[in-house]
Every structure is written in structure tokens, then in C-alpha cells.
Amino acid sequence: MGMNRRDFLKVMTAAASAVAAGACDVKDKAPKIIPYVVPPEEEIVPGFPLYYKTSLPDLPDQPGVTVTAYDKVIGTAHEICPTKLEGTPGHPINDGALSMQGQAELYRFYSPQRLKAPSRPQPDGTFAELSGQGGDPAPEPAARQWNEAFAIIAAQLQQAAAAGKTNYYLSGRTTGALSRLIDEFCAASGVRRLREYEPFSYAAIRRANGILFGDAALPLYRIEECDYLLTVGADIMETFVSPVNYARQFARARSRNGLHWHHCGVHVTSTAMAADERYSIRPASDPWLLAYILRQVARQGWAKNAVPPDVLAALPEVSAAAVSEKTGLPIGALNRLVNGFEKAGHPLLIAGGTATAHESGLETAVLAGLIQWATGQIGDTVDFTRAENYETVGDLDDMKALSEELASGDGAGVIFVSRTDPLYHLPAEFRFSEGLSRAQLIVGLGLLPNETLRACHLVLPLSHALESWGDVAPRRGVLAPVQPASKPLFNTRSEGDVLIGLLQALGRPVPAPSMQEYVFSGWTKRGGEEFTDRFLSEGYFVEDVARAEMNCRFDAAAAALREARFAEPRSGLTLLIAPSPRMLDGRMAELDGAPRQNLLREIPDTVTSITYGEWVSVPPALADELALSDKLLEVDVVEVTVGGTALRLPVKIQPRQSAEVLVVQRGFTSSALRALYRRAGAAPGGEHVWFLDVTRVVRTGEKNDTLCIMSGSQSQEGRGFIPFPLDEKKWEEYERTAGLHTTGHNTHGGRRLTAVLPASGKGGGGDEPHGGAQGDRSGGTHVAGGAPGAADHDPEQSLEGFAKKHIGVHKGLPGGLYTGHTYPEYRWAMAIDLDLCTGCGACVAACYVENTIPVVGPDDHIKGREMSWIRVETYFEKSGDTFLPMLCQHCDYAPCEPVCPVYATYHNPEGLNAMVYSRCVGTRYCFNNCPYKVRRFNWWDHQWPSPLDRMSNPMVWVRSKGVMEKCTFCVQRIRAAKDYAKDDGRRQVRDGEVKTACQQTCPAQAIVFGNLKDEQAAVTRAATSQRTYRVLDMLGVEPAVYYLHGKPRVEHGGHGHQPETKLPVGRDGRMPSASGVRPGEEFQPPRLRREVTVQKEGGTSPSLTGNK
Amino acid sequence: MTAMSKKLVALLLNGYFAVFAVFTAAYGFYWYQTQYVPEQPIAFSHRTHIQRAGMQCTDCHAFGDRGLQPGMPPVAFCMTCHVNVLPNSPEIQKLKKYYEEGRPVEWIRVARLGFKWTSGGTKSDQIYFPHKRHVQAGVTCQTCHGMRESMDELYQAAPMRMGWCVSCHTQEKVSTDCWTCHK
């Protein structure tokens, strides 16, 4: 190095002064203790959180949440900061669970991108705050900005009144007190309230129910009551109406009723994968399918309610072969669907989603309603008494009428657009934006910037639900509070307060001085302060509703069917604009404005495993034809031409996808795709059309290197993560030899395993007293009668044998270097029921928020540097499709432990594979040695731009650069439970007291956690179940995560037919009488349009050959 | 001089200074750990409050037996007495000013768990230390915080580093598993 003495001294002096200057900093950086100035009203015990029961009205299902909030020092002030959202236990919608979106809601609440003050949108897409001049002078600048905004609106309203123009109030779905207040505001200020706009309005179903039953409502589907479920098009586990509620019910139905579930759909969703049998049908062939089923149900003479002949006469007369041809289902499959209804005591049909989002959507919904009527579902499993509250929601016809109205005459006066983004969604043919822009003043209300807000003249920022007062009524007779858990982070107001402020500015009488007083007066009217207190502490209120007695109006039904067009199914290549399991209708993409701030982008899409990027899912057959590849970094780009517009998108080859369907999801943000969404028009049922004709698809030769496909392969590649062959025949044999649930109370033809998990709620096997080994022997519990013996003979499978092997003193591996472990009190373990897992990803989101895991963004993802501690792996195999949640397995002989040179990871006395961050020096040896790939390395000091930093969980240390991290089994929750137990005078934590974040939020209650040393613990029961296995057990690492593998989920055509005796029967034990059993039509190897053949052993992609 | 001896001298000189540097750093570290008496915004004396006013620790630090932290008294709480007690003392005037302006007193933390060069010299965010468990187990405040009742100005009385924690945990036969304390 060419440095002389003089330079050296110079550098040294400079460095020394820098050090000295840095040292002076010490005093400023000295840690401080900030007391309160005035103590808070409610007592806050330092270090312990506060809990608030509230609701999230911005999510489609409006779930009840319990907010965990910590008192934190921000600057020099104490603030209550929500750090985690969890479902409110017992809440009628979500009963403790929360979806991925609900868990990620804190990212919306704390988003730095939120609208921060009343402002005017600028042409460059930014928002310029109002100066605060020109309104009522108020002491605080914050209030002055609002006063200015109110003054502008008041002036414009008066001007509009003078000019005789109409003012409009358009909002997203609103329920509860806010809806009443909007009515009062509109009446007092001369504004016309419009029917609300939601992209997913379920209009066809509601309209059909209006025709058939005189109640245009969206009923509550009581999945938990049913024993046979047929879903047509509706992705009930992802976006359809109330997925968390449905998943909860599904889990109960599985364990209680032996639910058997068929799904017919056009694309691959996690709903389709969770169903027992999936039938791939042609786009828009749903009315033909349902017409066939209705005809068969009516004709075969076992229908519970008769359908008059004039209704049947209105149905198109087609043969089974013709329907088979139109739908692409073999006749045998069609009859299996019909038989399902016949054999079931309480069947349920749900048709929606892709089934109603096309030109014949209304017919589909009407036919579904008729089948529901004929098979006795109305009033049983289809419940109008507790219908979902969509009363104020309109449909696309309303929006079309509005667009025409706005475009005619002089244009509108003042238009309020609140919590909805019609410019993003509405079909371009409506020319809504042109009409809108003719208005005198467009006032946008919202939380985050979106396309509509950017087109407004004035934008009023709304407070988040966690900062507002209100209530929601998601269903008939269900009321839940919205109460603040935090002070407003920015100069925002709740919509109710905005409306009250506006009324004041207009000089009109106000119903209450603030939204808080408005909702309190409403609650007090119901039952005084006592009601209010109980309501706020319980978080929901269910009132009695008069039972809805429904009668079918057959004349109206026949008339509707006679008018129906029964369009031919779509032929040729079709593009499906599918709802996104992550972004829903697209609303969750509002956070994409800044990098690394949208948790939902970071979580892989359930079916494709893609995180960042925009893609088109193509069927394997087309991929073969075009020689496409979706290898990471070399993803082929195709050009999809839709109606004259060409789109260039990277591909994801999607196993199981129908040969003539391409899929793009909603919620992409590039302008080309937004234009594509708007290209689709309106269906006669009042819903958006989701299908577009594809003119051609060509391979461009271009390669994409930014699409983050997180799963290297969606095949197990013979590694046996799910070791039992998921084969129907083998499963039967397995069931037989294992002596599973063949007798006892759960006599559904041996269809389902008796629940071993207690989480499945009331009834079912889960509640049985469980006598451990003794119970097993007496045949009184979960291994009930049937073929006894397996449990007795296999020492591994009896509790004693299990305990010998897994609990207490381990002998160590034979011939191994390491001695065994002694677990004096606890051996924490987890069991995951793959039969219940629907792959929804809620666990992943919950883990991110609970453990303050950073969102690292696409650049890191493409390098494989994602940070998730739990992921859901999706496998498409010859023998069935499965989800596998994968997290640290907390192995007894963890391969990561012995390779750590600094003893940063070690085995703790409770069986946890612990990680001491402050010891870690980042060699990543452990990472390389982990067979499950669950360890994550911090390549950066991850940043949480304010106010996102307030979200961090104070019970977890935020890891710094160069440190390894991984699942801890939520050790902070174990500590909290022990602390609680000690306060309670107990030495041991009770079973169920520790709930990990993933377990707590699981909508299907597929996860159980607990102490394996407790023989009565739910996890021990699950771990000793006959269907338990461990992933990569043959490595001998003794993992502590037990998987209960599920029944094979059958892809139509992939397997032989189901024997008749295996079909479920009702809870009343109604077995089909001898005469009632028709000889089941023998399954014919599919020779129709959509033959699915599996190419080779271990191969994942079925090739789809059609008669194109 | 030969090249060899030149190197030797350089080595000796460098070594001499290096030893100095190490000693200085070590002393600085030791001083910061034990002798550091930060200047507090108000010259609050624990001795006066405990010995002269006869107060108990829990009168002000109300959550010692049920909180993770013992809690600091709110400014308003100080004022409940000091409206009447020595209202004209210059230090109480400072307190009054804080109260009237609605600002919290920014006390400098004295008890620093662990030591970290960055983020202000404490590892408390990495450690789960429930005061309640220790107080309920009969550990006195003085065991860790020293004779606060005789201190006019506060200093850290115990090293509060891992070895010190573990020595007590070993002696008392309570868990020494890393994850008992490390978050």
C-alpha cells in the first residue's frame, strides 16, 4: 500500500476524531426510561399486553378480532401499539381463526403509504395536503385541514343544489351503524345513496334466491351440518363470501359427519385440492351440469321436495352423453355427483365463483337453488335465517345505470366514493370514468391510495378500524363492535366522524356529536350500559332472528328458466381472471405502492408457490405443445392475445389445470393487466364476467428472470415427504389393517377417521374421554372396534410403546455419537392434520406478525432468501395432491446442532431446538445441514419504515444482520403460559394453554401443539394416531412435528371409481335401502374431452389430451 | 540498524501502544459498567425518599411483583406529593415545569442488562427478565440494584451481565437454559 508516514498519521487523526465524536454520541444514545406524564385510565402492567375486541370491516367476511396491543415508548411518549390480531374466540363468523388477510391487516394499518391528511390528488399521482386556510379557524392545524375540506364540500353541495344537480354517495359494502349514519347523512344533505359496489357481489346467487324464494339474500351455508358437499365453481376456502367460517365448519364436518366433498371447477384452487374429489369441468358448462343433476334428482323419485313438471319442462332436454360432452365429465362422474345427493342425509350444494361469473351465471344460480330446494337443503344446510348481510350491496347493473346517468345531462354534483375502487374494477365498456369526471366535485374516502382516489378532486383519509368506533353486522342477527385499539396515527377520521363533521359544516342537525356517541347510543338502546360493557368485552352479540320459512315459487322459476339462454359452454382457449387467494378482488394490492411493505406478496400463492411477479398459469398440455418451461430465472414468456390486445406474461405450468384454460389472478398491478381486467364485461346475473376468449398464445422465446417461484418442484421427487401411498386402494387397506374408525358412533361407511384432534369442537371423536393406552385396548376410543389388534400388536403404536420410544430418556441413536435426551417436564411437539389443512396460508401470515419476521422483497426472494419460518408446500402427485405445512421440526437429534461451532443452536431441556441469536456468528453450517430447509439467514439489518416499526412483538428480539433464525415453537408464548401457570399456583402448564401463532389462527384447526410427556394431551393423542407419520423419519433425526396424513384427494380420472358402499350416509344413519341402490354405473376410463392420464411414475404433470 | 532490529523496534513500539489501548478500553468498559453515574434531568435522591420520607420501593415502582418491569411513577404521581412538599425547591420547580408542559422526565437508565456497543449500550431488548418472578421468589430489590436507600445519585451496583445472572441461577438451582432468558 502506498502510504507514507504523514498520510498514515492524517488518517489516524481523522479516525481518532471520528471515534471521539462517536463517543460523544453515547450520552444522546444513552438508554432512557420514559414515565407517563399522567397515568393511563386503564391500568397497564408493564410488559403485559392489552386486549381489545373489535372487528375488521374492510375484509369481505368482517371477522371479529382480538387485538394484542403493547404500551410502547415512541419518541418520548407512550403509545398503545397493536402488535398482533387474532380471531375472537366464539365469534359467529370466525371463532378465533383469522385469514391470511386478517393477519396481515396490521401491514395496512401501519402502512407508511396511508393517506395522512385531507388532500388534493396531483397529476403525478401524489397527494398534496390541504393548507388549512379557508375553513373554520380551529386551534390545531389538523382540525383546520378538515374544516377546509368540509368548507369546500359544503360550498359545492350548495352550488349543486342551486344548479339542480344530483349528488351521489357510492361506497363499498357497509353494515351496522355506519350504514345507518350514511342514510341519515344522505337524507339530511340531499345526497342520493347508491347501491354499494363490490367486485364480488354474489349478485347472481342473490338474484336467483329472489326469484325462487322471494328473498334476494346470500344464505349462510351450514357446512358443519352437511355430510355431502358439492361445490361448483365456488372457492369456499379462499375468497368466496366467508372462507374462514367455511373452513372452520369444514373441519367440524370432517370429523363429525364424515363429510364427503366433491368440487367441480375450471381451475386449480386450494379449495379444489382440499376436496375429496375434484372434477375439472369446461368453462361456463355449469348450467348444463346442474340441469342434469336437477333432472336426475327430480326423476329418480327420492327428492325430498318435488319439483313440478313445468319447471323441469323448461330445462333443456339433453342426454347424459350430451351433458357429458358439454361439461367434459364422464357419465359415471355425473352420476356420482347425483348419487352423492341421494345418499346424503344433509347434502349441501354451493354454486358460485367461476360458476356464476359468465353469461349463464344467473341460470346456474337458479338451478342451484332448485337443487337445494329439491334435496331439502333450504332451511337445513342452506340457511336464510342467518343470511350474510349483503342487503345494501348492488350489482353491475346498478353500476351500469349509474355510469349512464353520470354521462347524461350536465353531470353530477358532488360524488362521494368511499372504500371502493370502481375505476380499477369496472368494465371499460361502462365508461364510468368519463361520466365520473363530469361531476362538479369528486370526494374520495379511503385508507390507501388507489386508482379511484387518484381520480378524485378531494381525498379524505379514513381512519383504520383499529382507530375507529363503529359496529358491523356481517350476518342477520350478528352484531360486532369496532373499537379503537390505538390513537389515529395520522390526521385521519373515521367515516362516521367525517359525515358528522360534514353535517355540522352544512349547518344541519347532527344525530350525535361524534361517531363514538352515535354507536354508544345505539348500543345503550339495546340494553343499557350493561349491554355495552358486555358487548365490548365479548366482541360480538348474537340476537334471535325469526326463522325464515322459505317457499319455492315455481312459476317464477319456470319463467326464469324459459327465458334462460343456456349458452353453450366456452370452446377454444379461455382466459380466466380468477380471484387471488392473497389479494382477493385486488384490494390487498393497494399496498404495492412501496417495496417490501405488503406482507401478502411475500407469502407464496397457495397453488403456484409464486410470491412476487405477474404470471399466467398454463396447463401442462399447452406447455408441452409450446415447449414452455417455468424453471426459475429462465421462465418462458408467452404472448397471450385477447381481443386484439397482446399481453406478455411469464408462465407457470400448473399441474391439473384444464387444457383449454389459462389463468391470471386479480390483484396484479401492471397497467396491461389492469386493462385486461376491465376488458371483461358484465354478466346477465349482475356479476363480472371472469372469462375472456383467447385468440392465440405464442411462445416469445424471451425469458423472465424475476418471477419468484418459490417451490423448486411441486413433486416430492420420490423423497417421501408424505410416505404413505396416497392411493385409494392402499388407503383402504391401510384403514383396514390399522383398524381405523370402522365402528362406533362414526359410522359413515368407514369414510373418515374419527377425529383425534380435540380442536374439532363439539361432538365428534375429539370430545371423547380418552383413556390413553387403556382406552385403546378396551376399544372404546379412537381406535374403535373394527379390526382391533393393530394397536395392540404394534408396540410402536400403543401408548406405552410410543412413550418408550419417544418420551423420557432416549437411548440415543444406535452406534451414534450422541447420547439421548432427558426431558424432565416437557417435550413440546406439534401435530398437523393434513386431512384438514386447506393450504390457506393463514399460519404463514400469523407467524410473520407474531415473530416480527421481515418482509424482504422480490430481489431476495429470487435468490432464495425468503425469511418465512413456516411455509405451505404444495405437491401434485400421481397419487393425489397435498399441502404440507413445513416448519422447524425441533428434532431430538437435530442435524443443525452439532455443526454449530459456537453452540448458538442447541437442544433445550424441553425438546426445543433453540437458537441463541446473540451467540450466532453466521457460519450457516446449520442451514446447510438441515434436511427440512427451515432455517433462515438474515442477509441484512431489515428495516421497518415508521410506523411499521411499531408492529414488532416486544416478546421477540428482532434479529440483526448475520444471524440465523427459525421457528421457535413460539417460545415467547410458552414462557407466557408458564408465567401464568406459576401465578395460578401450578407447576405445570395445562394442555392447550400454549397455542402457537400458527395453531391459533388455523381456520381448519389442523394444528395441535402441546407437551408429549402429558399422556392426556391432545398432541400425544394425535402423535399416537394410526395415521401419524413424520417427514423424513428414516433419517433418524426424530422430529417433533407429527403429521396426520389425509385421505387421498382424488383428481377426476386419476383413479378408479368409488365403490358405492363408500359413499357417506346421513347422521340419522339412513342407509340406502336395497332397492334404493341402483347398480352404480361402472366407471369408464375417460375417453371424452378431458382425459387425464398420468405419464410416468413420479411424474407430476398429467397430460391432458383433448379432441381439439 | 539492520532491517531485523528495525522490525523488532517497530514491533515493540506497536506492542507497547497496543497494550495501552487495550488497558484504556478495558478500563473504560469497566467504568461504564460500574462507576458510571449519569447526570439525571432532575437530581432525584432515593436516599431522601426512602430514609427521610419513609417510602417503600413499591410506592413508586408499583408493578415490581406483577409486571415484567417494575414501572416508573408518572410525573403526575410525583406531583401529588410535591404540590405541597418543597414546592419551591429548584429541582421540584423543574419537575413542575415538566408536568405543566405535559412532558415526561427523560430519566437516564442506570441498570443496564448486558452490554452492547450499539443502540445505547443495553441488551434488554434481547432478554426476557420478568421482575415479578424474581420478586415473588423473594429476591430483594437490593440484590441486584444495590443499596438504593443510601444512594443520592444512582449507579449500577451489579454487573448485570450473563455470568452474574447465571451464577445466581446456578446457586439457586433454577433453570439455566438459554431460552429461559434469551428471547
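Quick notes on the rules
- Residues numbered from 1 in each chain as written.
- Chains lettered and ligands numbered in written order.
- Predicted model: local features only at pLDDT ≥ 70, side-chain atom pairs only at ≥ 80, totals over all residues.
- Heavy atoms only, no water.
- Patch = residues over 30% accessible without salt bridge, like charges linked within 9 Å, V, L, I, M, F, W, Y side chains within 5 Å.
- Areas by Shrake-Rupley, 256 points an atom, 1.4 Å probe, with all protein chains shown as cover.
- Salt bridge = Lys/Arg side-chain N within 4 Å of Asp/Glu carboxyl O.
- Helix = DSSP H or I, 4+ residues; strand = E, 2+ residues; numbered from the N terminus.
- Phe/Tyr/Trp six-rings, centres within 6.5 Å; stacked < 30°, edge-to-face > 60°.
- Buried < 20%, exposed > 50% of the residue type's maximum accessible area, 1.4 Å probe, protein only.
- Lys NZ or Arg CZ within 6 Å of the ring centre and 35° of its normal.
- Axes fitted to C-alpha atoms, helices over the stretch in contact; angles between N-to-C directions.
- Parallel < 35°, antiparallel > 145°, perpendicular 65-115°, else oblique.
- Left-handed = near helix turned anticlockwise from the far one by under 90°.
- Contact = heavy atoms within 4.5 Å.
- Nonpolar A, V, L, I, M, F, W, Y, C, P; charged D, E, K, R; others polar.
- Pairing = 2+ DSSP bridges.

(A) Looking closely at a nonpolar patch on the surface. Among the surface-exposed residues, Val9, Leu13, Tyr16, Phe17 and Phe20 of chain B lie close enough to one another that they form a single nonpolar patch of about 530 Å² accessible area. Along the chain, Tyr16 of chain B turns up in helix α1 (residues 3–35).

(B) Broad picture of the pattern of salt bridges. Residue and element names in this part refer to chain A. Under the defined criterion, the tally for this structure stands at 70 salt bridges over all chains. Notably, a salt bridge pairs Asp892 with Arg827, separated by 2.6 Å at the nearest N-O pair. In this pair, Asp892 is assigned in the loop between β31 (880–886) and β32 (905–907) and Arg827 in the loop between α27 (799–806) and β29 (828–833), connecting sequence segments 65 residues apart. A cluster of three or more residues bridged by salt bridges with shared partners is formed by Asp95, Glu224, Arg248, Arg252 and Arg256.

(C) The packing of aromatic side chains, seen in detail. Counted under the stated rule, the structure contains 36 aromatic pairs over all chains. A centroid spacing of 6.1 Å and a plane angle of 65° characterise the contact between Tyr169 of chain A and Phe185 of chain A, whose relative ring orientation is edge-to-face. With Tyr169 of chain A in strand β7 (residues 168–171) and Phe185 of chain A in helix α5 (residues 177–189), this residue pair connects regions lying 16 residues apart in the sequence. Just as Tyr169 of chain A is buried, Phe185 of chain A falls in that class too. Seen from their ring centres, Tyr16 of chain B and Phe17 of chain B are 5.5 Å apart, and the 70° between their planes marks the pair as edge-to-face. The two residues Tyr16 of chain B and Phe17 of chain B agree in class, both being exposed. Pairwise contacts between aromatic rings join Trp469, Phe520, Trp523, Phe531, Phe535 and Phe541 of chain A into one cluster. Lys116 of chain A extends its terminal NZ or CZ atom over the ring of Phe490 of chain A, reaching a point 5.2 Å from the ring centre. The aromatic ring of Tyr390 of chain A is capped on one face by Arg173 of chain A, whose charged end is 4.1 Å from the ring centroid.

(D) Expanded view of the packing of helix α4 (residues 75–82) of chain B against helix α5 (residues 90–101) of chain B. Residues and elements named next belong to chain B. Where α4 meets α5, the closest approach of the two axes is 10 Å, and the angle between their N-to-C directions is 130°. It follows that α4 is oblique to α5 by the angle criterion. The element α4 and its partner α5 pack so that their crossing is left-handed. On α5, the residues touching Val75, Ala76, Cys78, Met79 and His82 of α4 are Ile92, Leu95, Lys96, Tyr98 and Tyr99. Its residues assigned to classes, the contact of α4 with α5 shows 8 nonpolar, 1 polar and 1 charged.

(E) Region of the structure containing the sheet that holds strand β36 (residues 1007–1011) of chain A. One open sheet accounts for 4 strands, arranged β36-β29-β38-β37 (chain A); its pairing is mixed. Across the chains shown, the open sheet's two edge strands, defined by having one partner strand only, are β36 and β37 (1028–1029) of chain A.

(F) Looking closely at the sheet that holds strand β2 (residues 50–55) of chain A. All names here are of chain A. Across the sheet, 3 strands lie side by side as β2-β3-β4; this open sheet has antiparallel pairing. On the outer flanks of this sheet lie β2 and β4 (77–87), each paired with one strand and no other. Going across the sheet, the axis of each strand differs from the next one's by a mean of 35°, ignoring polarity. In terms of strand pairing, β2 meets strand β3 (residues 64–74) through 6 bridges, oriented antiparallel. Following the sheet pairing, Ser55 is matched in β3 by Gly64.

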